[in-house]
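What follows is the residue order along each chain.
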Amino acid sequence: MAEITVDLLSDTLTRPSEGMRQAMAGADVGDDVFGEDPTVRALEERVAGLLGHEAGLFAPTGSLANQLGIRLHTGPGRELIADSLAHILRAELGAGATFSGITSRTWSAPDGKADPAVVLGMMTPIADAYQVSTALIALENTHNFAGGTITPYDALQAIREGSLQHGVRMHLDGARLWNAHVATGVELAAYGQLFDTVSVCLSKGLGAPVGSVLVGSADAMAAARVWRKRYGAGMRQVGILAAAGLYALDHNLVRLGDDHDRAARFAGAIAEIDPALLAAPAETNIVMLDAGAVGRSAADIVAALADRGVRGYAMSPTRVRLVWHLDIDDAGTETAIAAASAVLG
């Protein structure tokens, strides 16, 4: 295998810039278990404000932030509904069942976009003594396994209106909500107002080394703080990490559009070879290839790209994911286009 010069495995691969490292080194810190870390408090307040919520809670991982959101709205014997490709169900190792004792049902959304009629039609808010009542609808925007696609805002509104009529709560896995915001121009607070809780990730497109923030009401975040400690994630002088998140919001949010443009440029080049090679439209920073369109496996395509210095990820036997991020520039994109053209052309 050739040396990897263009790493499109994930947008979690970014390394802190010199400016971010300086911000981390100079962070004012305190004991966050006691709520006394000023930099953590500043990050929580800022993210909550951006999303139009009362309060936030810093978490070390997106999975934990999601699981805290689930635990706030559900409990043993209650039901969460989500799409069959949702990260919460596919990539968090059964944590909802393990920690919250919930059951789950899923709808099919291959393009990652929630259909209000399907979602609300599956909801069973008040079941009889022989069925499980739906406590929570979990949505994901943008959608990872579907290829960074965006559920339209009016669809989210319709789902929210229907859930409110029946007292069913909503949680947004917004790990890449920043990308949806930049791509659509919809304000973060507009997205946030449609959900009882929202989790957002700092260590993907924003380029921080670690961390996510869960937002919701002040009472909900106070309860989530207790559950975070119960789950073993109480943190001490973690302002060093929170400082990276604040720096990322200041310097790396608007530039997400550059990642989208480069992903679109790559997707356009692939479409010129064969439009069927694109498993999904490149709406944000992710390009999903359909290896089956050329009668090959995803693993085969990934290996062939690696031989040309480009790393991708086999998401399934036939799907290859390529993710743009702040460490991939125009030259890297051209290298990826040349490699993919040689492999797929």
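You'll find the structure just up there.
First, a word on scope: everything that follows refers to the structure included in this document. For clarity, every value in this text was computed on a predicted model and none was experimentally measured.

### Quick notes on the environment of L57
Okay, step 1: For L57, the location among the structural elements is in strand β2 (residues 55-59).
Okay, step 2: Separated by 48 residues in sequence, L57 and L9 have C-alpha atoms that sit 28 Å apart.

### Here we look at the sheet that holds β2
Okay, step 1: Taken together, seven strands build an open sheet; the order of strands is β2-β8-β7-β6-β5-β3-β4 and the sheet is mixed. Two strands in the sheet have a free side with no partner beyond their single neighbour: β2 and β4 (103-107). Between one strand and the next, the sheet's axes are offset by a mean angle of 20°, whatever the strand orientation.
Okay, step 2: Here strand β7 (residues 197-201) runs beside strand β8 (residues 212-216); their pairing, made up of four bridges, is antiparallel. When the sheet's bridge partners are listed, S199 is paired in β8 with L214.
Okay, step 3: Here helix α10 (residues 218-230) sits on the sheet and contacts β2, β7 and β8; the angle it forms with β2, its principal contact strand, is near 20°.

### So, the sheet that holds strand β9 (residues 286-290)
Okay, step 1: What the three strands build is an open sheet, ordered β9-β12-β11; its pairing is antiparallel. Looking at which strands have only one partner, the edges of the open sheet turn out to be β9 and β11 (313-314).
Okay, step 2: Relative to strand β12 (residues 319-323), β11 runs antiparallel, the two being bridged by two bridges. What sits directly across from Y313, in β12, is R321.

### Looking at the nonpolar core
Okay, step 1: With 50 residues, the main nonpolar core has L43, I137, L139, L177 and W178 as its most contacted residues.
Okay, step 2: Per element, the largest residue contribution to this core is six residues, and it comes from helix α11 (residues 239-251).
Okay, step 3: The residues contacting I137, other than those within four sequence positions of it, are I81, W107, V119, M123, I159, S163, V168, R169, M170 and H171.
Okay, step 4: Core analysis: the second largest hydrophobic core is formed by 27 residues, V302, W324, I337 and A339 among them.

### Let's talk about the environment of Q67
Okay, step 1: Tracing the sequence through the fold places Q67 in helix α3 (residues 62-73).
Okay, step 2: Sequence separation between Q67 and M170 is 103 residues; the distance between their C-alpha atoms is 13 Å.
Okay, step 3: Excluding residues within four positions of it along the chain, Q67 makes contact with I88, E92, A95 and G96.

How each quantity is defined
- Residues numbered from 1 in each chain as written.
- Predicted model: local features only at pLDDT ≥ 70, side-chain atom pairs only at ≥ 80, totals over all residues.
- Heavy atoms only, no water.
- Helix = DSSP H or I, 4+ residues; strand = E, 2+ residues; numbered from the N terminus.
- Pairing = 2+ DSSP bridges.
- Axes fitted to C-alpha atoms, helices over the stretch in contact; angles between N-to-C directions.
- Contact = heavy atoms within 4.5 Å.
- Core = buried A, V, L, I, M, F, W, Y, C linked by side-chain atoms within 4.5 Å.
- Buried < 20%, exposed > 50% of the residue type's maximum accessible area, 1.4 Å probe, protein only.

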